[in-house]
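Analysis of the macromolecular model
Below, each chain spelled out in residue letters.
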Amino acid sequence: MAPWGYSKENGPATWHKDCPIANTGVRQSPIDLITTGQTCAKYDSNLKPVIVSYPAFSEATFLNNGHSVQFQPSAGNLSELSGGPLTKKYKFEQFHFHWGNNDSEGSEHRVNGKMYPAELHLVHWNSESPNFSSFQEAVGSNDPHALCVLGFFLKVGAENASLKPITDLLSKVKNAGSSVSFPGKFDLKAVLPETLTDYYTYDGSLTTPPLAECVKWIVFKEPIEVSTAQMEAFRAVDDGHGKPITGNYRPPCPLHTRTVAASFK
Ligand SMILES: NS(=O)(=O)c1ccc(C(=O)NCc2c(F)c(F)c(F)c(F)c2F)cc1
Ligand SMILES: [Zn+2]
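The name given to the chain in an unreviewed UniProt entry is Carbonic anhydrase, and the organism recorded there is Desmophyllum pertusum. Per its UniProt entry, the chain bears the Cofactor (unreviewed entry) comment "Zn(2+)". In its Sequence similarities (unreviewed entry) section, the UniProt record describing the chain reads: "Belongs to the alpha-carbonic anhydrase family."

The following block contains the structure:
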């Protein structure tokens, strides 16, 4: 697999060469979340609040894999996700970010064409399926909801004290392939808005190769604030070719026959 990335030579427009589903898939992610008109998100009063149980992680690795920075707790973590559109319990696997090199771009999902400066993805896998018992198996299972990813937009505003332990660590993983063991505990719950009631949800895929169409997406309406300095810290992370990662986001994909549900009016 030619190493995929986000440059002209190996970016999203070239991924179909190794990953045909990039062009042939009918449930690819991300998408533009349209809130008015024909193909707009439809309010579904049955959608309940999302429930997360994230005890503070005590042991985790923070990694720069050349196309994002990723926080991965040790296997024993007990964090769980349920509620919202889900019928099963999901286990937390990792979180990572997508960002741009200025405040007008960077998020993968868009709202009526608007991009946010960054997007946080909390990745989970269905831990109650009889068909797989690990994240790796879940991705390869062809189960339409093997994974559930929670997406949160980041916008520039006040410094985010809860995310500071993460953004302060970015300089320590500046080089692609570098990782550090996360010092102390990290409280992910504190990063999220109190109420996880207002979100869009739809069936989609991984937004990076292999672009597997196994993800139930839940994208929250309320952005998380971070400071300009915190945004700048992301833009100093290198991609392994001596250049900063300056836009690790895939453009929006066609909706095809999918509908997007909204948990709010
Ligand atoms: N941006 S996103 O849609 O939230 C997204 C989430 C997770 C991954 C991922 O885990 N990739 C590595 C990875 C694979 F791509 C696999 F196919 C697999 F089986 C893995 F185990 C694995 F870690 C990629 C994109
Ligand atoms: Zn992602």
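Okay, back to it.
Time to look at the packing of aromatic side chains. Counted according to the given criterion, the structure contains 19 aromatic pairs. The interplanar angle of 75 degrees and the centroid separation of 5.6 Å between the aromatic rings of Tyr6 and Trp15 together place this pair among those described as edge-to-face. Ring geometry for Phe71 against Phe186: centres 5.3 Å apart, planes inclined by 50 degrees, an arrangement best described as tilted. Here Phe186 lies in the loop between strand E11 (179–181) and strand E12 (199–204) and Phe71 lies in strand E5 (residues 69–73), a separation of 115 residues in the sequence. Since its relative accessible area comes to 1%, Phe186 is described here as buried.

A few words on the pattern of salt bridges. A full pass over the atoms with the stated rule returns nine salt bridges. A salt bridge links Asp203 to Lys216, with the shortest nitrogen-to-oxygen separation between them at 2.9 Å. Of this pair, Asp203 sits in strand E12 while Lys216 sits in strand E13 (residues 215–220); the two residues are 13 residues apart in sequence, bridging distant segments of the chain. Here Lys216 falls in the buried class, since its relative accessible area comes to 12%. Salt-bridge contacts for Asp239 lead to Lys243; the nearest nitrogen and oxygen are separated by 3.6 Å. Take Asp239: its relative accessible area is 17%, and that puts it in the buried class. Through salt bridges that share partners, Glu80, Lys89 and Lys91 make up one connected network.

Criteria and cut-off values
- Residues numbered from 1 in each chain as written.
- Chains lettered and ligands numbered in written order.
- Predicted model: local features only at pLDDT ≥ 70, side-chain atom pairs only at ≥ 80, totals over all residues.
- Heavy atoms only, no water.
- UniProt positions renumbered as here; feature names shortened; annotations may be inferred.
- Phe/Tyr/Trp six-rings, centres within 6.5 Å; stacked < 30°, edge-to-face > 60°.
- Helix = DSSP H or I, 4+ residues; strand = E, 2+ residues; numbered from the N terminus.
- Buried < 20%, exposed > 50% of the residue type's maximum accessible area, 1.4 Å probe, protein only.
- Salt bridge = Lys/Arg side-chain N within 4 Å of Asp/Glu carboxyl O.

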